[in-house]
Amino acid sequence: MANKKRQVKKVNKKVEKKIEDENDMKNLLKTIIIVLVSFVVCYLLFLLMGKVGMFEKGYEKPEGDSSEFTYNTALIGTVFNRPESEYYVAFDEEDGSKYFDSLLSLYKGSLQVYKVNMSLGINSKYKSEFGNPKAIRSSELKISVPTLIKIKNGSIVKYLESIDDIELELSNN
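The structure contained in this document is the topic of the report that follows. Keep in mind the model is a prediction, meaning the values are calculated, not measured. (Residues numbered from 1 in each chain as written. Predicted model: local features only at pLDDT ≥ 70, side-chain atom pairs only at ≥ 80, totals over all residues. Heavy atoms only, no water.)

Here the focus is the packing of aromatic side chains. Summed over the entire model, instances satisfying the criterion amount to 2 aromatic pairs. Each ring, one from Tyr87 and one from Tyr114, has its centre 5.7 Å from the other, and the planes form 90°; the classification is edge-to-face. Highlighted residues: Tyr87 in strand β2 (residues 86–92) and Tyr114 in strand β3 (residues 112–117), separated in sequence by 27 residues. Residues Tyr87 and Tyr114 agree in their burial class; the two are buried. Measuring from ring centre to ring centre gives 5.8 Å for Tyr88 and Tyr107, while their planes differ by 90°; the resulting arrangement is edge-to-face. Of this pair, Tyr88 sits in strand β2 while Tyr107 sits in the loop between α2 (98–106) and β3, and the two are 19 residues apart along the sequence. Considered together, Tyr88 and Tyr107 belong to a single accessibility category, that of buried residues. Between Arg82 and the ring centre of Tyr114, over which it is positioned, the NZ or CZ distance is 4.6 Å. (Phe/Tyr/Trp six-rings, centres within 6.5 Å; stacked < 30°, edge-to-face > 60°. Helix = DSSP H or I, 4+ residues; strand = E, 2+ residues; numbered from the N terminus. Buried < 20%, exposed > 50% of the residue type's maximum accessible area, 1.4 Å probe, protein only. Lys NZ or Arg CZ within 6 Å of the ring centre and 35° of its normal.)

In structure tokens form, the structure reads like this:
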């Protein structure tokens, strides 16, 4: 009889250990599910808050009446391959001539004006004391700022380095 009691105790211990192991597995599974659900909920909340604009610092819409230039910017490598058949390309530095900038902003002609910022690293290697009005490729350009070039059908037709000449050209067109 004592043997049976020992066997029953061993069986009971094995059953209790098995139940305990199952409970541990269930608890681990519940913990993993709770962590994953929490992560997904937090991620979705952050996405929603981002779309609403909660993370933008002091964004203010620009006013329409401010004086802005009406020309597009370009890189020097795109000077000869713009979509229009005839256009101007203005070369100046970022903090260049304010008068040159005002001439460009007041231009009301029909030709598109692209501006190349010669202060950018990619463009600055083309700066020179003397220009190259006979360039046929962007790699051949040498620019003395400020400069205005008129391009027609992919070729330079006017190359102006003097502010007076630039003013006259822009006022005639």
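Next, the rest of the story.
Let us now look at the pattern of salt bridges. Scanning the model with the defined rule gives 5 salt bridges in all. Glu140 is paired through a salt bridge with Arg137; the nearest N and O atoms lie 2.9 Å apart. (Salt bridge = Lys/Arg side-chain N within 4 Å of Asp/Glu carboxyl O.)

Following Val145, the chain continues into Pro146 via a peptide bond in cis, with omega recorded as -10°. Checked against the element boundaries, Pro146 lands in the loop between α3 (121–124) and β4 (147–152). Positive phi outside glycine occurs at Asn153, with the angle close to 50°. Tracing the sequence through the fold places Asn153 in the loop between β4 and β5 (155–160). Of the residues examined, Asn153 reaches a relative accessible area of 61% and is grouped as exposed.

In this section: the nonpolar core. One finds Ile76, Val79, Phe91 and Leu141 to be the most contacted residues of the largest nonpolar core, which totals 17 residues. Elements with a contribution of two residues or more to this core: β2, β3, β4 and β5. The element that contributes the greatest number of residues to this core is β2, accounting for 3 residues. When neighbours within four sequence positions are excluded, Ile76 is seen to be in contact with Phe91, Val116, Met118, Ile122, Asn123, Tyr126, Ser138, Leu141 and Ile143. By size, the runner-up hydrophobic cluster in this structure holds 12 residues, among which are Tyr88, Phe100, Leu104 and Val113. (Core = buried A, V, L, I, M, F, W, Y, C linked by side-chain atoms within 4.5 Å. Contact = heavy atoms within 4.5 Å.)

Along α2, the residues that are buried comprise Phe100, Asp101, Leu103 and Leu104. Buried residues of α2 fall within an arc of 160° about the axis and therefore sit on the same side. Those residues of α2 that are exposed and aimed more than 90 degrees away from the buried face are Lys98 and Leu106. Where α2 is buried, its residues meet β2, β3, β4 and α4 (163–172). (Arc of directions from axis to C-beta.)

Bridge count between β4 and β5: 5 bridges; the pairing is antiparallel. Residue Ile151 lies in a different strand from β5, and its bridge partner there is Ile156. In sequence, β4 turns back onto β5 through a hairpin of 2 residues, with Asn153 there showing a positive phi of about 50°. (Pairing = 2+ DSSP bridges.)

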